[in-house]
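Examination of the molecular architecture
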Number of protein chains: 2
Amino acid sequence: MEAREAKDRFYEAFANTARAIASPKRIEILELLAQTEYPVEEIARITGMTIANTSSHLQVLKQAKIVESRKQGTKVFYQNASLGVSDLLASLRTLTRARVAEVDQVVSEYFTARDSFEPLSHEELLQRTKTGDVIILDVRPTNEYAHAHIPGAISVPLGEIEAVVDTLPKSSLIVAYCRGPFCVLAPQALEILSAHGYETRRLASGMPEWQLLGLPVETNEHSSTQANAG
Amino acid sequence: MEAREAKDRFYEAFANTARAIASPKRIEILELLAQTEYPVEEIARITGMTIANTSSHLQVLKQAKIVESRKQGTKVFYQNASLGVSDLLASLRTLTRARVAEVDQVVSEYFTARDSFEPLSHEELLQRTKTGDVIILDVRPTNEYAHAHIPGAISVPLGEIEAVVDTLPKSSLIVAYCRGPFCVLAPQALEILSAHGYETRRLASGMPEWQLLGLPVETNEHSSTQANAG
DNA sequence: CTATTATTCAATTGATTACTAGACTATAGG
DNA sequence: CCTATAGTCTAGTAATCAATTGAATAATAG
């Protein structure tokens, strides 16, 4: 009985973590917080939930030690507790995508099939930056860029793409990345750029995956969470 | 509304996978099936559940495409659908362990603190096998060994450790591994061996983790699932 | 035709889940 | 001190779900 109870408590601990993540809304929150910290109100706005509901979802995640919070003035900023969260999300994505055709259906429906081109792997990117003539665009909101970005990448939030169109040299390959493999920001940005005659490629994955690979990131220490997302 | 529904369905797919895993019993099953395939009856016996209950847990996992089944005679063998399952379990373990002190408490209680020695990393093992004088023991049940094992490893199920004690040269380092980082088989085996004066080390992780690293495995094509586990 | 093995069904028990509205708390700034 | 802002907490609702067991059913081997 002793051992039985201990064994149950043991597996229970892992099940608790899984249970905290087993909710569409909370996964959406975690994907967002994988980019950078956000205050409750903004999380609520982005996910389309009420403040109260968002707060309670965040409590669930906090109790499972999956997210952490930091109070600043009247605001409470939440962020993922560690890169391990991104790792778990990545595993979950891989396992689900490989097995559930439905996901790709939804992807091609919601994330309209803008980028028909083969995405660029991180190895390819690193290699091509050596031989030069590559411009890397980070098309996420500026606060996410500020938190962590690929060294040398330029911050151009999706809304400002039009503005920079003619400032970029047409001789360079334009590589854009955003939040992750299912994020639409980069494909949308590249659609605009390629319509203007640029040679473009999308980076296969986003910031969290880049960090998981142990690749270097650059940070802008200051401005925390001003801009916003959709 | 269209986009809203698509987004919800999208995250729902991942949440479904997570929900299927968010159960202590099912995690226990998955950890077992990460070793090799097992028939329902044996899974029930090992986990201490009724056949009916085990079957229904397996249906949940099967519907989520996390496990697959194969019918042979009157038996139905289940196995994990891919290494992605082990990957997800590993992420879940890491995230939970790092954040929940409780896990380590339970570990040190249930998995009694037999191995006080620093576990051996796979890099160290590979390095030491080059310089020779290392014997690798796979102390899992023989069917799990047959399914996949470290090249050169000798199969010595825990129950047969005593029998081989004096056949192993004392000049060699004895390295044992089993199912994973929380598996007790190897520590128990090593306790016996070190009591007999052997120099012993435990491999830090088990077969699934070894495979996740892309390291080579050896297989004995035949005998499927005869021996058993506890 | 019988024993074995697994699945399914029905029923029980017990609990969670997501969510909203409104009360409450904490903080910043006048 | 007062007020607006931001977030948390509580209670209630409606909806499910979850784990389990035992009995009935199905599939297969011999």
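Located above this text is the structure these notes cover.
Not measured: the values here are computed from a predicted model.

1. What about the packing of aromatic side chains?
Applying the stated criterion across every chain yields a total of eight aromatic pairs over all chains. Between A:Phe10 and A:Tyr11, the aromatic rings sit 5.1 Å apart at their centres with planes inclined by 70 degrees, giving edge-to-face as the arrangement. Each member of the pair, A:Phe10 together with A:Tyr11, is buried. With a centroid separation of 5.9 Å and 35 degrees between ring planes, the pair formed by A:Phe182 and B:Phe14 is classed as tilted. Of this pair, A:Phe182 sits in the loop between strand S6 (173-177) and helix H10 (185-195) while B:Phe14 sits in helix H1 (residues 2-21), on two different chains. Across this residue pair, the class does not change: A:Phe182 and B:Phe14 are buried.

2. A word on the sheet that holds strand S2 (residues 67-72) of chain A
Within a sheet, adjacent strands bond to each other through the backbone by hydrogen bonds, running parallel or antiparallel. All names here are of chain A. Judged by pairing direction, the sheet is antiparallel, and its three strands sit side by side in the order S1-S3-S2 without closing on themselves. Two strands close off the open sheet at either side, each with one partner strand: strand S1 (38-39) and S2. Here helix H4 (residues 51-63) sits on the sheet in contact with S2 and strand S3 (75-80), set at roughly 120 degrees to S2.

3. Here we look at the pairing of strand S2 (residues 67-72) of chain B
Residue and element names in this part refer to chain B. The sheet contact formed by S2 and strand S3 (residues 75-80) spans six bridges and is antiparallel. Looking at S3, one finds that Ser69 is bridged to Tyr78. What sits between S2 and S3 in their antiparallel hairpin is a turn of two residues, with Gly73 showing a positive phi close to 65 degrees.

Rules of the game
- Residues numbered from 1 in each chain as written.
- Chains lettered and ligands numbered in written order.
- Predicted model: local features only at pLDDT ≥ 70, side-chain atom pairs only at ≥ 80, totals over all residues.
- Heavy atoms only, no water.
- Phe/Tyr/Trp six-rings, centres within 6.5 Å; stacked < 30°, edge-to-face > 60°.
- Buried < 20%, exposed > 50% of the residue type's maximum accessible area, 1.4 Å probe, protein only.
- Helix = DSSP H or I, 4+ residues; strand = E, 2+ residues; numbered from the N terminus.
- Pairing = 2+ DSSP bridges.
- Contact = heavy atoms within 4.5 Å.
- Axes fitted to C-alpha atoms, helices over the stretch in contact; angles between N-to-C directions.

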